[in-house]
Amino acid sequence: MHLRYALAIEETGSVTRAAEQMFVAQPNISRAIRELEASLGMKLFQRTPLGMVATEDGKPFLERARHIVQEIESLKSVYESGGSARRHFAACSHGGRYVAAALAKFAAQQRDENFLYHFAETSTASVLSGVAQGLYGLGIIRFLLRDMPKLRHLLTAHELTVEPLFTTPLLYTVSERSPLAEKKTVRPSDTRHLREVTGEAIWSPEAERQDISRRIRVQDRDSQMLVLSRTENAYMLSVKEDKVLLGSHKLLQRPSEEEHSAVRDAVVFRKQYVRTKQDKDFLNHLEEEIKIYTK
(Lines give C-alpha, C1' and ligand atoms only; values in the text may rest on other atoms or scores of the structure.)
Protein backbone atom coordinates (compact mmCIF):
# COMPACT_ATOMS: atom_id res chain seq x y z
CA MET A 1 0.00 0.00 0.00
CA HIS A 2 2.95 2.35 0.47
CA LEU A 3 3.18 3.03 -3.28
CA ARG A 4 -0.56 3.69 -3.52
CA TYR A 5 -0.35 6.14 -0.62
CA ALA A 6 2.51 8.00 -2.30
CA LEU A 7 0.59 8.20 -5.59
CA ALA A 8 -2.50 9.46 -3.76
CA ILE A 9 -0.46 12.28 -2.18
CA GLU A 10 0.98 13.19 -5.57
CA GLU A 11 -2.52 13.27 -7.08
CA THR A 12 -4.22 15.27 -4.31
CA GLY A 13 -1.27 17.38 -3.15
CA SER A 14 -2.20 16.71 0.46
CA VAL A 15 -1.72 13.99 3.05
CA THR A 16 -5.16 14.80 4.48
CA ARG A 17 -6.95 14.51 1.13
CA ALA A 18 -4.97 11.38 0.28
CA ALA A 19 -6.10 9.80 3.56
CA GLU A 20 -9.72 10.65 2.75
CA GLN A 21 -9.35 9.21 -0.75
CA MET A 22 -7.79 5.98 0.56
CA PHE A 23 -10.21 5.71 3.55
CA VAL A 24 -7.38 5.47 6.09
CA ALA A 25 -6.25 7.56 9.05
CA GLN A 26 -3.86 10.39 8.22
CA PRO A 27 -1.16 9.18 10.69
CA ASN A 28 -1.07 5.83 8.88
CA ILE A 29 -0.28 7.50 5.55
CA SER A 30 2.32 9.78 7.13
CA ARG A 31 4.03 6.81 8.77
CA ALA A 32 3.94 4.80 5.54
CA ILE A 33 5.58 7.62 3.59
CA ARG A 34 8.30 8.00 6.22
CA GLU A 35 9.01 4.26 6.02
CA LEU A 36 9.07 4.36 2.22
CA GLU A 37 11.44 7.34 2.17
CA ALA A 38 13.70 5.64 4.73
CA SER A 39 13.91 2.48 2.61
CA LEU A 40 14.64 4.53 -0.52
CA GLY A 41 17.10 6.85 1.16
CA MET A 42 15.49 9.98 -0.32
CA LYS A 43 12.65 12.45 0.14
CA LEU A 44 9.65 11.95 -2.12
CA PHE A 45 7.72 15.14 -1.28
CA GLN A 46 8.28 18.68 -0.11
CA ARG A 47 5.80 21.10 1.42
CA THR A 48 5.06 24.21 -0.66
CA PRO A 49 2.37 26.93 -0.59
CA LEU A 50 0.58 24.85 -3.22
CA GLY A 51 0.64 21.70 -1.07
CA MET A 52 2.74 18.52 -1.13
CA VAL A 53 4.83 18.44 -4.31
CA ALA A 54 7.14 15.68 -5.53
CA THR A 55 10.85 16.38 -5.18
CA GLU A 56 13.20 16.10 -8.15
CA ASP A 57 14.29 12.71 -6.76
CA GLY A 58 10.70 11.72 -6.15
CA LYS A 59 9.33 12.43 -9.63
CA PRO A 60 11.05 9.56 -11.49
CA PHE A 61 10.35 7.17 -8.60
CA LEU A 62 6.64 8.02 -8.57
CA GLU A 63 6.49 7.52 -12.32
CA ARG A 64 7.95 4.03 -11.93
CA ALA A 65 5.63 3.40 -8.97
CA ARG A 66 2.66 4.22 -11.16
CA HIS A 67 3.72 1.60 -13.70
CA ILE A 68 4.23 -0.98 -10.94
CA VAL A 69 0.77 -0.38 -9.48
CA GLN A 70 -0.72 -0.66 -12.96
CA GLU A 71 1.06 -4.01 -13.41
CA ILE A 72 -0.29 -5.24 -10.07
CA GLU A 73 -3.80 -4.19 -11.05
CA SER A 74 -3.37 -6.06 -14.33
CA LEU A 75 -2.33 -9.20 -12.44
CA LYS A 76 -5.28 -8.89 -10.08
CA SER A 77 -7.71 -8.54 -12.97
CA VAL A 78 -6.47 -11.81 -14.44
CA TYR A 79 -6.77 -13.70 -11.16
CA GLU A 80 -10.12 -12.21 -10.16
CA SER A 81 -11.62 -12.89 -13.58
CA GLY A 82 -11.20 -16.63 -13.09
CA GLY A 83 -8.80 -16.92 -16.01
CA SER A 84 -6.43 -19.82 -16.43
CA ALA A 85 -3.31 -17.81 -15.57
CA ARG A 86 -2.78 -18.60 -11.89
CA ARG A 87 0.99 -18.60 -11.53
CA HIS A 88 3.49 -15.85 -11.97
CA PHE A 89 7.15 -14.96 -11.58
CA ALA A 90 7.87 -11.47 -10.26
CA ALA A 91 11.39 -10.27 -9.60
CA CYS A 92 13.43 -7.07 -9.77
CA SER A 93 17.10 -6.14 -9.94
CA HIS A 94 19.55 -3.24 -9.92
CA GLY A 95 20.57 -4.40 -13.40
CA GLY A 96 23.76 -6.03 -14.61
CA ARG A 97 24.50 -8.08 -17.68
CA TYR A 98 24.77 -11.36 -15.73
CA VAL A 99 21.20 -10.83 -14.46
CA ALA A 100 19.92 -10.13 -17.98
CA ALA A 101 21.70 -13.25 -19.29
CA ALA A 102 20.15 -15.40 -16.55
CA LEU A 103 16.70 -13.96 -17.23
CA ALA A 104 17.04 -14.66 -20.96
CA LYS A 105 17.93 -18.33 -20.34
CA PHE A 106 15.17 -18.68 -17.76
CA ALA A 107 12.51 -17.22 -20.06
CA ALA A 108 13.67 -19.33 -23.02
CA GLN A 109 13.01 -22.55 -21.09
CA GLN A 110 9.46 -21.68 -20.04
CA ARG A 111 6.74 -23.43 -22.01
CA ASP A 112 3.57 -22.46 -20.12
CA GLU A 113 1.73 -19.85 -22.23
CA ASN A 114 -0.55 -19.00 -19.29
CA PHE A 115 2.32 -18.18 -16.97
CA LEU A 116 2.79 -14.49 -16.09
CA TYR A 117 6.24 -12.89 -15.94
CA HIS A 118 7.12 -9.54 -14.45
CA PHE A 119 10.74 -8.40 -14.18
CA ALA A 120 11.78 -4.83 -13.37
CA GLU A 121 15.21 -3.21 -13.59
CA THR A 122 15.41 -0.34 -11.12
CA SER A 123 17.51 1.16 -8.33
CA THR A 124 18.58 -0.98 -5.37
CA ALA A 125 16.50 1.23 -3.06
CA SER A 126 13.41 0.52 -5.19
CA VAL A 127 14.24 -3.21 -5.21
CA LEU A 128 14.22 -3.23 -1.40
CA SER A 129 10.95 -1.31 -1.30
CA GLY A 130 9.26 -3.48 -3.93
CA VAL A 131 10.20 -6.77 -2.26
CA ALA A 132 9.24 -5.48 1.20
CA GLN A 133 5.78 -4.52 -0.09
CA GLY A 134 5.27 -7.90 -1.74
CA LEU A 135 5.27 -6.52 -5.29
CA TYR A 136 8.10 -8.93 -6.14
CA GLY A 137 8.99 -12.35 -4.82
CA LEU A 138 12.71 -11.73 -4.95
CA GLY A 139 15.14 -8.94 -5.75
CA ILE A 140 18.83 -8.55 -6.53
CA ILE A 141 20.56 -5.71 -4.70
CA ARG A 142 24.03 -4.16 -4.71
CA PHE A 143 25.72 -2.39 -1.80
CA LEU A 144 29.13 -1.49 -0.43
CA LEU A 145 30.37 -4.11 1.99
CA ARG A 146 31.15 -1.38 4.54
CA ASP A 147 27.43 -0.44 4.59
CA MET A 148 26.30 -3.95 5.57
CA PRO A 149 25.59 -3.03 9.25
CA LYS A 150 23.27 -0.17 8.21
CA LEU A 151 21.64 -2.28 5.53
CA ARG A 152 21.09 -5.11 8.00
CA HIS A 153 19.17 -2.71 10.26
CA LEU A 154 16.93 -1.74 7.34
CA LEU A 155 16.39 -5.38 6.36
CA THR A 156 15.38 -6.28 9.91
CA ALA A 157 12.94 -3.37 10.10
CA HIS A 158 11.20 -4.54 6.92
CA GLU A 159 11.41 -8.28 7.71
CA LEU A 160 13.68 -9.06 4.78
CA THR A 161 16.43 -11.64 4.52
CA VAL A 162 19.48 -11.45 2.28
CA GLU A 163 21.66 -14.14 0.70
CA PRO A 164 25.08 -13.12 -0.75
CA LEU A 165 25.84 -13.83 -4.41
CA PHE A 166 29.38 -12.52 -4.87
CA THR A 167 31.74 -9.72 -3.82
CA THR A 168 33.81 -7.66 -6.26
CA PRO A 169 35.98 -4.51 -6.20
CA LEU A 170 34.43 -1.09 -6.72
CA LEU A 171 35.78 0.63 -9.85
CA TYR A 172 35.65 4.09 -11.39
CA THR A 173 34.39 4.06 -14.99
CA VAL A 174 35.52 7.12 -16.96
CA SER A 175 36.15 8.44 -20.45
CA GLU A 176 39.60 7.93 -21.94
CA ARG A 177 39.75 11.77 -21.94
CA SER A 178 38.96 12.04 -18.23
CA PRO A 179 41.61 13.40 -15.82
CA LEU A 180 41.08 10.17 -13.85
CA ALA A 181 42.26 8.12 -16.84
CA GLU A 182 45.87 9.03 -16.05
CA LYS A 183 45.68 7.64 -12.51
CA LYS A 184 46.49 4.06 -11.53
CA THR A 185 44.09 4.26 -8.59
CA VAL A 186 41.43 6.84 -7.67
CA ARG A 187 40.78 8.48 -4.33
CA PRO A 188 37.41 10.11 -3.45
CA SER A 189 39.19 13.48 -3.28
CA ASP A 190 40.18 13.09 -6.95
CA THR A 191 36.51 13.41 -7.94
CA ARG A 192 35.90 16.65 -6.04
CA HIS A 193 35.36 18.73 -9.19
CA LEU A 194 33.77 15.99 -11.30
CA ARG A 195 30.14 14.93 -11.75
CA GLU A 196 28.91 11.45 -10.89
CA VAL A 197 26.76 9.51 -13.33
CA THR A 198 24.46 7.23 -11.36
CA GLY A 199 21.47 4.98 -11.75
CA GLU A 200 21.61 4.24 -8.01
CA ALA A 201 22.46 0.59 -8.57
CA ILE A 202 24.61 0.70 -5.42
CA TRP A 203 22.56 1.22 -2.25
CA SER A 204 23.77 4.03 -0.02
CA PRO A 205 22.46 5.07 3.42
CA GLU A 206 23.84 8.55 2.66
CA ALA A 207 21.92 9.05 -0.60
CA GLU A 208 19.51 11.59 0.87
CA ARG A 209 22.36 13.85 2.04
CA GLN A 210 24.45 13.65 -1.13
CA ASP A 211 24.88 16.76 -3.28
CA ILE A 212 22.49 16.07 -6.16
CA SER A 213 23.77 19.12 -8.08
CA ARG A 214 26.92 17.14 -8.93
CA ARG A 215 25.08 14.01 -10.01
CA ILE A 216 23.73 12.98 -13.42
CA ARG A 217 20.99 10.42 -12.85
CA VAL A 218 20.61 7.98 -15.76
CA GLN A 219 18.83 4.68 -15.18
CA ASP A 220 19.44 2.97 -18.53
CA ARG A 221 22.86 1.29 -18.69
CA ASP A 222 23.54 2.02 -22.36
CA SER A 223 22.65 5.68 -21.78
CA GLN A 224 25.07 5.78 -18.83
CA MET A 225 27.87 4.62 -21.12
CA LEU A 226 26.95 7.22 -23.73
CA VAL A 227 26.93 10.05 -21.18
CA LEU A 228 30.32 8.97 -19.79
CA SER A 229 31.87 8.71 -23.23
CA ARG A 230 30.84 12.27 -24.08
CA THR A 231 31.51 13.88 -20.69
CA GLU A 232 35.17 13.92 -19.75
CA ASN A 233 34.53 15.54 -16.35
CA ALA A 234 32.22 12.72 -15.22
CA TYR A 235 32.69 9.30 -13.64
CA MET A 236 30.57 6.36 -12.53
CA LEU A 237 31.12 3.98 -9.61
CA SER A 238 30.50 0.46 -10.83
CA VAL A 239 31.77 -3.10 -10.95
CA LYS A 240 33.81 -4.76 -13.69
CA GLU A 241 32.41 -4.08 -17.15
CA ASP A 242 32.95 -6.03 -20.36
CA LYS A 243 36.15 -4.85 -22.09
CA VAL A 244 34.54 -4.90 -25.52
CA LEU A 245 31.68 -2.73 -24.26
CA LEU A 246 34.11 -0.30 -22.63
CA GLY A 247 36.23 -0.12 -25.76
CA SER A 248 33.25 0.58 -28.00
CA HIS A 249 32.46 3.67 -25.90
CA LYS A 250 36.12 4.64 -25.39
CA LEU A 251 35.84 4.12 -21.66
CA LEU A 252 38.16 2.55 -19.12
CA GLN A 253 38.05 1.58 -15.46
CA ARG A 254 40.31 2.46 -12.56
CA PRO A 255 40.36 0.79 -9.10
CA SER A 256 39.47 2.72 -5.97
CA GLU A 257 42.23 3.60 -3.52
CA GLU A 258 39.68 3.83 -0.71
CA GLU A 259 39.74 1.04 1.88
CA HIS A 260 36.69 -1.21 2.25
CA SER A 261 35.44 -0.36 -1.26
CA ALA A 262 34.28 -3.86 -2.15
CA VAL A 263 30.77 -4.24 -3.57
CA ARG A 264 28.44 -7.14 -2.84
CA ASP A 265 25.51 -8.41 -4.87
CA ALA A 266 22.85 -10.37 -3.02
CA VAL A 267 19.34 -11.81 -3.33
CA VAL A 268 16.71 -10.40 -1.01
CA PHE A 269 13.41 -12.06 0.05
CA ARG A 270 10.68 -11.44 2.58
CA LYS A 271 11.34 -13.63 5.60
CA GLN A 272 8.10 -15.59 5.26
CA TYR A 273 8.32 -15.93 1.49
CA VAL A 274 8.18 -19.46 0.06
CA ARG A 275 10.21 -19.74 -3.13
CA THR A 276 8.44 -21.14 -6.17
CA LYS A 277 9.89 -23.60 -8.65
CA GLN A 278 10.33 -20.69 -11.07
CA ASP A 279 12.25 -18.70 -8.45
CA LYS A 280 14.60 -21.64 -7.95
CA ASP A 281 15.06 -22.13 -11.69
CA PHE A 282 15.90 -18.47 -12.17
CA LEU A 283 18.40 -18.53 -9.27
CA ASN A 284 20.08 -21.60 -10.75
CA HIS A 285 20.59 -19.72 -14.03
CA LEU A 286 21.83 -16.77 -12.02
CA GLU A 287 24.48 -18.91 -10.32
CA GLU A 288 25.66 -20.20 -13.71
CA GLU A 289 26.00 -16.67 -15.09
CA ILE A 290 27.83 -15.46 -11.97
CA LYS A 291 30.46 -18.18 -12.49
CA ILE A 292 31.04 -16.85 -16.00
CA TYR A 293 30.99 -13.23 -14.87
CA THR A 294 33.40 -13.62 -11.95
CA LYS A 295 35.94 -16.04 -13.46
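Each residue is numbered by its place in its chain's sequence as written, counting from 1. Local features in this predicted model are restricted to residues whose pLDDT is 70 or higher, and side-chain atom pairs enter the listing and the counts only when it is 80 or higher, whereas totals over whole chains, interfaces and linings include all residues. As a rule here, side-chain values come from all non-hydrogen atoms in the structure, and water together with hydrogens is ignored.

### A few points about the overall build of the chain
Now for step 1: Counting its regular elements, the chain contains 10 helices and 13 strands.
Now for step 2: A radius of gyration in this sense is built from C-alpha atoms; the matching globule rule multiplies 2.2 Å by the number of residues raised to 0.38. For 295 residues, the compact-globule formula gives about 19 Å, and the C-alpha radius of gyration of the chain, at 20 Å, lands near that figure.
Now for step 3: Overall size of the chain, expressed as C-alpha extent along the three principal axes, is 60 × 55 × 35 Å.
Now for step 4: Categorising residues by exposure relies on relative accessible area from a 1.4 Å probe, with only protein chains included: less than 20% of the type maximum marks a residue as buried, more than 50% marks it as exposed, and the intermediate range marks it as partly exposed. Taken over 295 residues, the chain has a buried fraction of 47%.
Now for step 5: Any two residues having at least one pair of non-hydrogen atoms within 4.5 Å are treated as being in contact. Looking at the chain alone, contacts between residues at least 24 apart form 72% of all its contacts between residues at least 6 apart.
Now for step 6: For accessible areas, the Shrake-Rupley method is used with a probe of radius 1.4 Å. Any residue's cover is judged against the shown protein chains and nothing else. For the chain, the accessible surface area stands at approximately 15,500 Å², while carbon and sulfur atoms represent 51% of it.
Now for step 7: Counted charges follow a simple rule, with Lys and Arg positive, Asp and Glu negative, and His plus the chain ends left uncounted. Think of each charge as sitting on NZ of Lys, CZ of Arg, CG of Asp or CD of Glu. For the chain, the separation between the mean place of its 43 positive charges and that of its 39 negative charges on side chains is 3 Å. A run of H or I in DSSP becomes a helix once it reaches four residues, and a run of E becomes a strand once it reaches two; helices and strands are each numbered from the N terminus.

### Regarding the sheet that holds strand 7 (residues 171–175)
Strands in a sheet are paired, the pairing made by backbone hydrogen bonds, and the direction either parallel or antiparallel.
Now for step 1: By this definition, two strands are paired if DSSP reports at least two bridges between them. One open sheet holds the five strands; their spatial order is 10-8-11-7-12, and the pairing between them is mixed. This sheet does not close on itself; its edge strands, each paired only once, are strand 10 (215–217) and strand 12 (251–255). Here the average twist between neighbouring strands, direction ignored, is 30 degrees.
Now for step 2: Pairing analysis gives five bridges linking strand 7 to strand 12, with the strands arranged antiparallel. If you follow Ser175 over to strand 12, its bridge partner there is Leu251.
Now for step 3: Orientation is described by axes fitted as lines to C-alpha atoms, over the contacting stretch for helices, and by angles from 0 to 180 degrees between their N-to-C directions. Strands strand 7, strand 8 (195–198), strand 10, strand 11 (234–238) and strand 12 of the sheet are contacted by helix 8 (residues 221–230), whose axis makes an angle of about 140 degrees with strand 11.

### Focus: helix 8
Now for step 1: Turning to helix 8, its buried residues are Gln224, Met225, Leu228 and Ser229. For helix 8, the arc enclosing every buried residue in end-on projection is 130 degrees, short of the 170-degree limit, so these residues lie on one face. The directions considered for the arc run from the helix axis to the C-beta atoms.

### Details of the packing of helix 1 (residues 2–12) against helix 3 (residues 26–40)
Now for step 1: Two elements in contact, helix 1 and helix 3, have axes separated by 9 Å at closest approach and are oriented at 110 degrees. One finds that helix 1 runs roughly perpendicular with respect to helix 3. The segment helix 1 lies against helix 3, with His2, Leu3, Tyr5, Ala6 and Ile9 engaging Ile29, Ala32, Ile33, Glu35 and Leu36.
Now for step 2: Charged residues are taken to be Asp, Glu, Lys and Arg, nonpolar residues to be Ala, Val, Leu, Ile, Met, Phe, Trp, Tyr, Cys and Pro, and polar residues to be all remaining types, Gly included. Partitioning the contact of helix 1 with helix 3 into residue classes produces eight nonpolar, one polar and one charged. Here roughly perpendicular refers to angles of 65 to 115 degrees, roughly parallel to angles under 35, roughly antiparallel to angles over 145, and oblique to all remaining angles.

### Notes on the nonpolar core
Now for step 1: Residues belong to one nonpolar core when they are buried, are Ala, Val, Leu, Ile, Met, Phe, Trp, Tyr or Cys, and are joined through side-chain atoms within 4.5 Å. The biggest cluster of nonpolar side chains holds 43 residues, and the ones touching the most others in it are Phe61, Leu128 and Leu151.
Now for step 2: Among the elements that line this core, the one with the most residues is helix 1, at six residues.
Now for step 3: Beyond its immediate stretch of four places on either side in the chain, Leu151 contacts Leu128, Ile141, Phe143 and Trp203.
Now for step 4: Of all hydrophobic cores here, the second largest spans 22 residues; its members include Phe115, Ile140, Leu144 and Leu283.

### Digging into the confidence of the model for the chain
Now for step 1: Confidence in the prediction for the chain averages 85 pLDDT; 91% of positions are at 70 or higher.
Now for step 2: Along the chain, pLDDT gives the predictor's confidence residue by residue, from 0 to 100. Within the chain, the lowest mean pLDDT, 72, falls on helix 4 (residues 58–80), and the highest, 95, falls on strand 12.
Now for step 3: Taken together, the stretch residues 81–86 has pLDDT below 50 and engages in seven contacts with residues farther than four places along the chain or on a different chain.

### Quick look at the side chain of Thr12
Now for step 1: Summarising the element assignment, Thr12 is placed in helix 1.
Now for step 2: In this structure Thr12 comes out as buried when scored by relative accessible area, which is 17%.
Now for step 3: In contact with Thr12, not counting residues within four places along its chain, are Arg17, Ala18 and Gln21.

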